[in-house]
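Structural description and commentary
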Amino acid sequence: MRITSIEIIETCIPLPHPYKLSRRYGFLRDTKPVIVKINTDEGLCGYGETDPMGKFTGETPETVAAVLKEDLVPAIIGEDPTNVLMINQILESMVRDNHMAKGAIDMACHDLLGKAAGMPLYRVLGGALYEDIPIMGSIGGGTIEETVAAAEKVRNSKYHSIMVKVGGDPVHDGNRVLAVRDALGKDYPIIVDANQGYDMAAAMKFIGIAKEADPVLFEQPIDAENIEGIAAIRQKCGVPVSVDESILSYRHAQEVIRLGAADVFSIKVCKNGGVRNSLQIIELARSKGIDILFNSMIEEGITQAASLNIALTVSNLYEYGHAYFSPLRLDADITNYCSNIVDGRVKAPEGPGLGVEILDDVLDRYVSRRVTIEK
Ligand SMILES: [Mg+2]
């Protein structure tokens, strides 16, 4: 099988309601997935997606599209996309870092690998350890009343845990988490995520209040680069800590492990550079006793399906649920991914490759630019 052409499809998909994150990120009003469609001489095509957010991931939709167009895509036209090791080697040789741009191609090649084998990707990766995965809902910032209303919606959706976004005023955030505990009862797992919004003092002040609500996890309390600081918080705060923004690559994961800064890694298949790089980080974590929370950017069904195919194969899966409802918070899903969500869980997809179909008529409504590169 050979790659004949690759389409780079830039999109902009609104959120029906603005999503308030930490003070560092502010409000999200839309997401801009970049889709890669690989066409082949055998008639099969593979899809990849990446969901950049400059303040979070370093890369932006514009840098991803430029690096794909100028550097990565021209280097792999004519190659065999099912030889994903060779494809990754070529991508690595073309440009340093740029994990998200490379990851979109890696994802599309894994889609083709599964389609060529006539199997779902998780079977190509060795099989599934689970029939389905419990979903973690998440809610943005707001008043106490808004927070409680959003939390009740998560529970009513039958999700198995909730991620409460904090990282603003530490006292208000602490009180919001206490109100969520009151509303959801004593056994509902609560994860808090500060998205780098605190400094050390604010993080400790927040968790000092929120601890009464017995959160099961405290994600990314402070700046992504301050791994020593996160390790110190983990030592002192009495709540398990996860890192998200701090781990984009394998090298970051090694550093977090060396400094003892995390109990859990938040893996996002696009943030972590595609299927292969994610699997390598996950295996490193497993060998060190670190669990994996499958988390998501504001992403569509292609990225979610890639993430799900990986999660089904992972033994060190975090126990309280995973972020597999992302397209439901958007104006539309450009795929049929959400049909896999039933009663607060997401089922293993049955179709070959990533196991989702692209809804071209829906996709067309959100395309801002489309470029096709051929030999
Ligand atoms: Mg996070």
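Computed from a prediction, not measured in an experiment: that's the story for all the values here.

All right, on to the overall build of the protein chain then. If you tally the helices and strands in the protein chain, you get 13 helices and 16 strands. For the protein chain, the C-alpha radius of gyration of 20 Å lies close to 21 Å, the compact-globule estimate for 375 residues. Summarising its shape, the C-alpha atoms of the protein chain cover approximately 60 × 40 × 35 Å along the three principal directions. Per-residue burial over the protein chain gives 60% buried out of 375 residues. When contacts within the protein chain are restricted to residue pairs at least 6 apart in sequence, long-range pairs at least 24 apart make up 73% of them. Approximately 14,400 Å² of the protein chain is accessible, and the part contributed by carbon and sulfur atoms is 47%.

Turning next to the sheet that holds strand E13 (residues 291-294). The strand order E7-E8-E9-E10-E11-E12-E13 describes an open sheet built from 7 strands, whose pairing is parallel. Here the strands that pair on one side only, and so sit at the sheet edges, are strand E7 (136-139) and E13. Recorded for the sheet is a direction-independent mean angle of 30° between the axes of neighbouring strands. Contacts from helix H9 (residues 227-237) reach strand E10 (217-219) and strand E11 (241-243) within the one sheet, and its direction differs from that of E11 by about 160°.

Next up on the list: the sheet that holds strand E6 (residues 132-134). Taken together, 3 strands build an open sheet; the order of strands is E6-E15-E14 and the sheet is antiparallel. Each end of this open sheet is capped by a strand with a single partner; those strands are E6 and strand E14 (341-342). Note that E6 and strand E15 (residues 345-347) share 3 bridges and pair antiparallel. Across the sheet, Asp132 pairs through a bridge with Lys347, a residue of E15.

In this structure, the largest pocket encloses a volume near 700 Å³. In this structure, the largest pocket is lined by 23 residues; those nearest its centre are His17, Ser138, Ile139, Ala150 and Lys153. Elements that contribute at least two residues to the lining of the largest pocket include exactly strand E2 (13-20), E7 and helix H6 (144-156). The class makeup of the residues in the lining of the largest pocket is 12 nonpolar, 7 polar and 4 charged. Taken domain by domain, the makeup of the lining of the largest pocket includes at least three residues from each of domain 1 (3-120 + 357-374) and domain 2 (124-347). The calculated volume of the second largest pocket comes to roughly 320 Å³. Residue lining of the second largest pocket: 17 residues in total, with Ala224, Glu225, Glu245, Ser246 and His252 positioned closest to the centre. Looking at the lining of the second largest pocket, the elements with two or more residues in it are helix H1 (54-57), H9 and helix H10 (250-258).

For the rest of this paragraph, the subject is the packing of helix H8 (residues 200-210) against H9. Two numbers describe how H8 lies on H9: the axes approach to 11 Å, and their chain directions differ by 25°. Judged on the interaxial angle alone, H9 and H8 are roughly parallel. For the element pair H8 and H9, the recorded crossing hand is right-handed. Here H8 contributes Met200, Ala203, Met204 and Ile207 to the contact with H9, which in turn contributes Gly229, Ala232, Ile233, Lys236 and Cys237. Its residues assigned to classes, the contact of H8 with H9 comprises 7 nonpolar, 1 polar and 1 charged.

Rules behind the numbers
- Residues numbered from 1 in each chain as written.
- Predicted model: local features only at pLDDT ≥ 70, side-chain atom pairs only at ≥ 80, totals over all residues.
- Heavy atoms only, no water.
- Helix = DSSP H or I, 4+ residues; strand = E, 2+ residues; numbered from the N terminus.
- Rg over C-alpha atoms; globule rule 2.2 N^0.38 Å.
- Buried < 20%, exposed > 50% of the residue type's maximum accessible area, 1.4 Å probe, protein only.
- Contact = heavy atoms within 4.5 Å.
- Areas by Shrake-Rupley, 256 points an atom, 1.4 Å probe, with all protein chains shown as cover.
- Pairing = 2+ DSSP bridges.
- Axes fitted to C-alpha atoms, helices over the stretch in contact; angles between N-to-C directions.
- 1 Å grid on protein atoms, 1.4 Å probe; cavity = no way out; pocket = protein on both sides within 12 Å on 5 of 7 lines; lining within 4 Å.
- Points joined across faces, edges and corners; volume = space filled by probe spheres on them.
- Nonpolar A, V, L, I, M, F, W, Y, C, P; charged D, E, K, R; others polar.
- Domains from an automatic or database assignment.
- Parallel < 35°, antiparallel > 145°, perpendicular 65-115°, else oblique.
- Left-handed = near helix turned anticlockwise from the far one by under 90°.

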